[in-house]
Amino acid sequence: VSAPRRMVFGREKYRPRTRKSPKLLGRIVMYLTTLLVKAMRYLLPASHRIHVEKVSIRHEKASKFPSKKLRIVHLSDIHHDEPPFVPRILHSQLDEVVEISNSLEADLILITGDFVQWGANPARELVQKWLKNLKARHGIFAVMGNHDYKEGTVGRDFIISELQEGGIKVLMNEHHVICDGEVEIVGLGDYYYKPDFRPDLAFANGNDERYRIVMSHNPDTAEPLRRYKVDLQLSGHTHGGQIKMPFGFGPALPHVEAFTNKLPVRVQNWIPGRHHFRVVKKWLWSEGFHRIARLDEDGKELDTFNHLYTNRGLATHPPMRLFCPPEVTVIDIEADL
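Residues numbered from 1 in each chain as written. Predicted model: local features only at pLDDT ≥ 70, side-chain atom pairs only at ≥ 80, totals over all residues. Heavy atoms only, no water.

Asks: Account for the pattern of salt bridges, with residues named and values stated.
Replies: Tallied over the full model, the rule gives 17 salt bridges. Note that arginine 137 and aspartate 107 form a salt bridge whose closest N and O atoms lie 3.1 Å from each other. Of this pair, arginine 137 sits in the loop between helix H3 (122–129) and strand S6 (140–143) while aspartate 107 sits in the loop between helix H2 (91–103) and strand S5 (108–112), and the two are 30 residues apart along the sequence. For arginine 137, a relative accessible area of 57% gives the class exposed. Of the residues examined, aspartate 107 reaches a relative accessible area of 9% and is grouped as buried. Three or more residues joined by partner-sharing salt bridges are found here, namely Glu53, Lys244, Glu287, Arg312 and Glu327. (Salt bridge = Lys/Arg side-chain N within 4 Å of Asp/Glu carboxyl O. Helix = DSSP H or I, 4+ residues; strand = E, 2+ residues; numbered from the N terminus. Buried < 20%, exposed > 50% of the residue type's maximum accessible area, 1.4 Å probe, protein only.)

Put into structure tokens, the structure is as follows:
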């Protein structure tokens with residue numbers, strides 16, 4: 001791995017995490033995992049083929065947009081990594097993501113976090129080879145996800161710097177106005193890293209009269225955001241559950257978590273990767289479009305609603321999917337007929 005520039009953020013400098021050669025057992029596990037991933041991609045290609053999900057929204061405020069409509073391409077959860085780790089997303093898939101996104105001729109491209117898997121260093125390659133080639137009329141905006149903090153705030157700042165050098169504006173508890181002042185894009189810090197999740201700052205100088213789009217990596221944030229006006233929240237994080245059960249039973253993970261929670265604690269402690277079961281609290285919001293009632297200052301439900309769309313993401317963690325393909329979302333917001 002080529003050493004990145006040593007960029008100063010506050011008092012610290014970012015240096016890439018040292019990658020030690022895995023021991024024999026680690027190598028065996030990686031090789032077996034790689035074989036399993038390749039087998040699943042071969043046997044179940046539809047579960048790994050990128051789908052373009054189309055969403056149409058009618059809203060009265062779109063009549064004030066300069067072109068009377070707004071097209072958004074929503075990307076999430078790229079999880080780019082470097083050898084010797086098993087790739088969460090193939091280079092050919094990243095090529096396809098850029099090609100698809102640009103072919104959709106978006107007004108906005110919004111990316112809701114998890115650019116890297118473990119270390120921050122792969123963000124440079126991701127931006128320079130792929131993300132800087134994305135094109136949108138009003139720009140490309142992003143927020144951070146929980147994996148973007150794997151090397152702390154120094155690694156986070158390195159990722160932000162790389163993205164901004166590639167022409168992508170990162171919003172950290174702030175907003176940006178486009179479309180002649182009619183659309184407000186709000187970006188929040190990641191929910192897992194509590195000091196960075198500050199909706200009070202992000203909404204402080206906003207205008208409820210604008211059409212407001214909120215980017216927040218974790219869809220669970222739709223709960224605290226019920227006290228704010230959110231016309232459209234875009235999230236990722238869940239990967240749609242990655243492995244879904246047939247016949248309408250939805251993601252497998254919440255069922256697995258419910259089962260393991262009934263086991264004795266000493267048995268639970270022997271289950272590998274058990275912490276990965278707790279992805280979100282509200283699995284109901286793990287993918288797709290949802291309408292959520294707002295709350296007043298006393299916590300009582302109002303008869304107005306926020307709207308959430310959760311993207312299934314592009315990569316995987318761990319690297320396998322079943323009946324839950326990766327997605328690029330295209331959202332068209334148009335005026336009421």
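Asks: Kindly report on the pairing of S5, identifying the contributing residues and their values.
Replies: Most of S5 is tucked away, with five of its five residues classed as buried. Residue alternation in S5 divides its side chains into two sets, Leu108, Leu110 and Thr112 and Ile109 and Ile111, and both sets are buried. Two elements, strand S4 (residues 69–75) and S5, share four bridges in a ladder whose sense is parallel. Residue pairing for S5: valine 73 is matched across the bridge by isoleucine 109. Bridging between S5 and S6 involves four bridges; their strand directions are parallel. Looking across to S6, one finds that isoleucine 111 is bridged to alanine 142. With respect to chirality, the unit in which S5 leads through H3 into the neighbouring parallel S6 is right-handed. (Pairing = 2+ DSSP bridges. Right-handed = clockwise from strand over helix to strand, strands pointing away.)

Asks: Run through the sheet that holds strand S8 (residues 174–178), naming residues and quoting values.
Replies: Reading across from one edge, S8-S9-S10-S11-S15-S14 is the order of the six strands in this open sheet, with mixed pairing throughout. Across the chains shown, the open sheet's two edge strands, defined by having one partner strand only, are S8 and strand S14 (288–295). For this sheet, the mean inter-axis angle between neighbouring strands, taken without regard to orientation, is 25°. Two strands pair when backbone bridges link them, and strand S11 (residues 232–235) and strand S15 (residues 301–310) are joined in this way by three bridges, in the parallel orientation. Within S15, the position partnered with serine 235 by the bridge is threonine 310. (Axes fitted to C-alpha atoms, helices over the stretch in contact; angles between N-to-C directions.)

Asks: An account of the packing of aromatic side chains is needed here, citing residue identities and associated values.
Replies: By the definition in use, this model includes four aromatic pairs. Plain terms: the ring middles of tyrosine 191 and phenylalanine 197 are 4.9 Å apart, the flat faces sit at 70° to each other, and that makes the pair edge-to-face. Geometry around tyrosine 191 places lysine 194 over its ring, the cationic atom sitting 3.5 Å from the centre. Looking at arginine 291, its charged tip hangs above the ring of phenylalanine 305, at a distance of 3.9 Å from the centre. (Phe/Tyr/Trp six-rings, centres within 6.5 Å; stacked < 30°, edge-to-face > 60°. Lys NZ or Arg CZ within 6 Å of the ring centre and 35° of its normal.)

Asks: Tell me about the sheet that holds S5, and name the residues and values.
Replies: As summarised here, the arrangement of the six strands in space is S3-S16-S4-S5-S6-S7, forming an open sheet in which the pairing is mixed. Sheet topology places strand S3 (51–58) and strand S7 (168–170) at the edges, where each strand pairs with a single neighbour. The mean angle between the axes of side-by-side strands here comes to 25°, regardless of whether they run parallel or antiparallel. Taken together, the three bridges between S6 and S7 define a ladder with parallel strand orientation. Residue alanine 142 lies in a different strand from S7, and its bridge partner there is valine 170. Of the strands in this sheet, S3, S4, S5 and strand S16 (327–334) are in contact with H2, which crosses S4 at around 175°. (Contact = heavy atoms within 4.5 Å.)

Asks: Explain H3 residue by residue, including any values.
Replies: All of the buried residues along H3 are Pro122, Ala123, Arg124, Leu126 and Val127. Buried residues along H3 sit in contact with H2 and helix H4 (152–165).

Asks: Kindly report on the packing of H3 against H4, identifying the contributing residues and their values.
Replies: One can describe the packing of H3 onto H4 by two numbers: an axis separation of 9 Å at closest approach and a directional angle of 15°. By the angle class used here, H3 and H4 are roughly parallel. The crossing of H3 and H4 is right-handed. Between H3, through Ala123, Arg124 and Val127, and H4, the contact on the second element is made entirely by Phe158, Ile159, Glu162 and Leu163. (Parallel < 35°, antiparallel > 145°, perpendicular 65-115°, else oblique. Left-handed = near helix turned anticlockwise from the far one by under 90°.)

In short, shape yes, function no, at least from these values alone.
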